[in-house]
Amino acid sequence: MAEQPRRKSAFNELGFEATIAALIDEIQTMYRADGIPWVVGYSGGKDSSAVLQLIWMAMVALPADERIKPVYAISTDTLVENPIVATWVQNSLDKMGDAAKAAGIPLTPHRLTPEVRNSFWVNLIGRGYPAPRPRFRWCTERLKINPSNKFIGEVVRANGEAIIVLGTRKAESAARNHVMTRLEGKQVRAKLSPNTTLPNAYVYSPIADWSNDDVWTFLMQRRNPWGHNNKDLLTLYQGASVDGECPLVIDSTTPSCGDSRFGCWVCTLVDQDRSMQAMIQNDTDKEWMQPLLDLRNALDVPDDRPLRDFRRMSGHVQLFNDQLVPGPYTQAARQKWLEDLLAAQLHVQIHGPEEMAGLQLITLPELEEIRRIWVVEKHEIEDSLPKLYERVMDKPYPGGRLDDGMSFNAEDIELLKEISGDTLHFELTRQLLSIERKHRVMARRAGVFGELERAIERGFYEDEADATDRARTRQQAKQDAANQAADIA
């Protein structure tokens, strides 16, 4: 039988031990070469764990007086991470901080989160943004890019420069190989490539030439130095069918990670969440995640037009292929998404493992911001969020009091609905009352007439058909005017 060719491995030439020793020596040389701080992207997955472990090993082997330059291990929590992975990463960060102090190395972990106003649920449930799509990928910048870039930017401002250390590998995909190879040709010095979006930031990828098997070989041969269990990490990967993770995302060219175990559980940028499906199917102890998968699939409907307003966020109507372009989710749809989310959270807290008993799929600051948007920006003066929360969670709403002048009681709302006659006129009347109340307490009522006019422009339609006819009439009028101008010319 012919001898099988050896699979391509970074360890083939020197062997495992010599390759690791050489790489640790390289990392030490890079670390001591200058005073530029390092920012290590850490997702908790295999690639980022391997890189951070190598850096740790290199730093510990240095003399104490050479461990001067700070290393920041940053992990971006989008607040919609797979709960199992989020718990895994948080436990790892907790152990990492304590172990680094004990080892005497200047490595500090940082858990980054998006600002409340940029969170997934504030935008989807609060503002009514539709579930993300490849052509409307509003989530990545808000949830991933902004938090990491803000941190890196602060490091650059404080030190002049920063080196971003990533676990990216050429073998991950042909596209990744192409990008990394192209950037290697622009290296500012050995092993440091320029970052294309962050000024004065450089990228170092220690395991760029490693294969997938190389990563696992290293993790199984070398014990995790901060006390996390690499065999448990392997088990986590084996629990799902897709073998991938989310790298540190610092620009919009990075593809969605929703198809991997280390992506967002709500991700609709992929056809289906195969990893969560596999976790549930492969392990009966993870069946408590089913409501999360159901909610994710509900968000990913092929045609969500019935869930969305026929007007854009601005209140204008717009045609495309002679059809209205749908706007944000309606009030009813947003309330239903919140109800389903809270029900899923309650299910996980009751039926999930002990470590999930306090899980919050949506935080109180997010709930408060959603409530503010609904009442103040969308003029939904019935202030329905506290009552919805209490109905689903069966306990008092933990948020603060809203300005009494901003909301109406249930009797007032029912009377207003009865007088208005239909939903659109009710919404218009409600918005006009809200605007008047807001300006009534102001010393100067500047802008009130403009707000009232915009409200009337938004709400004077009889229904969606009326809005469509009017939009077609306007479009035809513009076309006729353009034709007349062309004839005159």
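As a reminder, the structure under discussion sits directly above these lines.
Cut-offs used in this document
- Along each chain, residue indices are assigned from 1 in the same order as the chain's sequence is written.
- At least 70 in pLDDT is required for a residue's local features to be given in this predicted model, at least 80 for side-chain atom pairs to be given and counted, and no such filter applies to totals for whole chains, interfaces and linings, which use all residues.
- Note that the side-chain values use all heavy atoms of the structure and ignore hydrogens as well as water.
- Helix numbering and strand numbering both begin at the N terminus, where a helix is a DSSP run of H or I of at least 4 residues and a strand a DSSP run of E of at least 2.
- Relative accessibility under 20% of the residue-type maximum defines a buried residue, over 50% an exposed one, and the middle range a partly exposed one, all with a 1.4 Å probe and only protein chains included.
- The contact definition used throughout considers only heavy atoms, calling two residues in contact when any of these lie within 4.5 Å.
- For every accessible area listed, the method is Shrake-Rupley and the probe measures 1.4 Å; residues are considered covered only by the protein chains on display.
- One bridge is not enough; two strands pair if DSSP finds at least two bridges between them.
- Note on method: axes are straight lines fitted to C-alpha atoms, helices fitted across the in-contact stretch only, with angles between N-to-C directions ranging 0 to 180 degrees.
- Any helix carries an expected span of 1.5 Å times its number of residues minus one.
- With strands facing away from the observer, any crossover in which the path from the first strand over the helix to the second runs clockwise is taken as right-handed.
- Note on aromatic contacts: the rings of Phe and Tyr and the six-membered ring of Trp form a pair at centre separations within 6.5 Å, being stacked when their planes are under 30 degrees apart, edge-to-face when over 60 apart, and tilted otherwise.
- We call a charge positioned above a ring when the Lys NZ or Arg CZ atom is no farther than 6 Å from the ring centre and deviates by at most 35 degrees from the ring normal.
- Working definition of a nonpolar core: buried Ala, Val, Leu, Ile, Met, Phe, Trp, Tyr and Cys residues. They are joined through side-chain atoms within 4.5 Å.
- The working definition used for a salt bridge is a side-chain nitrogen of Lys or Arg within 4 Å of a carboxyl oxygen of Asp or Glu.

## Some details on the overall build of the protein
Step number 1: When helices and strands are counted, the protein shows 17 helices and eight strands.
Step number 2: The proportion of buried residues among the 489 residues of the protein is 50%.
Step number 3: Counting contacts in the protein only where the partners sit at least 6 residues apart, residues at least 24 apart contribute 70% of the total.
Step number 4: Looking at the protein as shown, the accessible area adds up to about 24200 Å², and 51% of this sits on carbon and sulfur atoms.

## Structural notes on the sheet that holds strand E5 (residues 193-194)
Step number 1: Strands sit in the order E3-E2-E1-E4-E6-E5 across an open sheet of six strands; the sheet is mixed. Every other strand in the sheet has two partners, leaving strand E3 (107-112) and E5 as the edge strands with one partner each.
Step number 2: Note: E5 against strand E6 (residues 201-204), two bridges, orientation antiparallel. Note that in E6 the partner of Pro194 across the bridge is Tyr202.
Step number 3: Strands strand E1 (38-41), strand E2 (71-76), E3 and strand E4 (162-165) of the sheet are contacted by helix H2 (residues 46-60), whose axis makes an angle of about 145 degrees with E1.

## Thoughts on helix H11 (residues 331-351)
Step number 1: Its 21 residues place the ends of H11 30 Å apart at the C-alpha level, agreeing with the 30 Å of an ideal helix rising 1.5 Å per residue.
Step number 2: Within the sequence span of H11, burial applies to Gln331, Ala333, Arg334, Trp337, Leu338, Leu341, Leu342, Ala344, Gln345 and Val348.
Step number 3: In this structure, the buried residues of H11 make contact with helix H4 (120-127), helix H10 (290-299), helix H12 (364-377), helix H13 (385-393) and helix H15 (423-440).

## Comments concerning the pairing of E3
Step number 1: Note that E2 and E3 share six bridges and pair parallel. Of the residues in E3, the one forming a bridge with Thr76 is Leu112.
Step number 2: Crossover connection from E2 via helix H3 (residues 83-103) to parallel E3: handedness right-handed.

## A closer look at the pairing of E6
Step number 1: Burial along E6 is two-sided: the face carrying Ala201 and Val203 and the face carrying Tyr202 and Tyr204 are both buried.
Step number 2: Pairing of E4 with E6 involves four bridges; the strand directions are parallel. Considered in E6, the bridge of Val165 is made with Tyr204.
Step number 3: Count of turn residues in the E5/E6 antiparallel hairpin: six residues, of which Asn200 carries a positive phi of about 60 degrees.

## Quick notes on H4
Step number 1: Of all eight residues making up H4, eight are buried, and the element is well covered by its neighbours.
Step number 2: After H4 finishes, the residue Gly128 shows a positive phi value of roughly 90 degrees.

## Structural notes on the packing of aromatic side chains
Step number 1: Within this structure, the stated rule accounts for 18 aromatic pairs.
Step number 2: Relative to Phe16, the ring of Phe11 has its centre 5.1 Å away and its plane inclined at 80 degrees; by these criteria the two rings are edge-to-face.
Step number 3: With relative accessibility at 16%, the residue Phe16 sits in the buried group.
Step number 4: Grouped by ring-pair contacts, the aromatic residues Phe120, Trp121, Tyr129, Phe136, Trp138 and Trp265 constitute a single cluster.
Step number 5: Lying over the aromatic face of Tyr31, Lys69 brings its terminal NZ or CZ to 5.2 Å of the ring centre.
Step number 6: The ring of Phe426 carries the charged tip of Lys417 above its face, separated from the ring centre by 5.6 Å.

## Thoughts on the nonpolar core
Step number 1: Of all hydrophobic cores here, the largest spans 96 residues; its most connected members are Trp38, Trp121, Leu124 and Trp265.
Step number 2: Residues within four places of Trp121 in sequence aside, it is in contact with Val80, Gly126, Trp265, Val266, Leu295, Leu299, Leu341, Leu361, Ile362, Glu366 and Ile370.
Step number 3: Core analysis: the next-biggest nonpolar cluster, separate from the first, contains 14 residues, Val39, Ile74, Leu112 and Ala162 among them.

## As for the environment of Thr217
Step number 1: Within the element layout of this structure, Thr217 appears in helix H7 (residues 212-221).
Step number 2: Taking the C-alpha atoms as reference points, Thr217 and Phe11, separated by 206 residues in sequence, lie 9.9 Å from one another.
Step number 3: Beyond its immediate chain neighbours, meaning those up to four positions away, Thr217 contacts Phe11 and Phe16.

## Description of the pattern of salt bridges
Step number 1: For the coordinates displayed, the defined rule picks out 24 salt bridges.
Step number 2: Note that Glu26 is salt-bridged to Lys191, the shortest N-O span being 3.7 Å. Of the two residues, Glu26 is situated in helix H1 (residues 16-32) and Lys191 in the loop between helix H6 (174-184) and E5; the sequence distance between them amounts to 165 residues.
Step number 3: Residue Glu26 is classed as partly exposed on the basis of its relative accessible area of 21%.
Step number 4: Classification of Lys191 by relative accessible area gives partly exposed; the value is 42%.
Step number 5: Among the salt bridges present, the one from Asp309 reaches Arg458, with a minimum N-O distance of 3.4 Å. With Asp309 in the loop between H10 and strand E7 (319-320) and Arg458 in helix H16 (residues 448-459), this pair connects stretches of sequence that are 149 residues apart. An identical accessibility class is assigned to Asp309 and Arg458; each is buried.
Step number 6: One salt-bridge network, in which partners are shared between bridges, spans Asp309, Arg311, Glu427 and Arg458.

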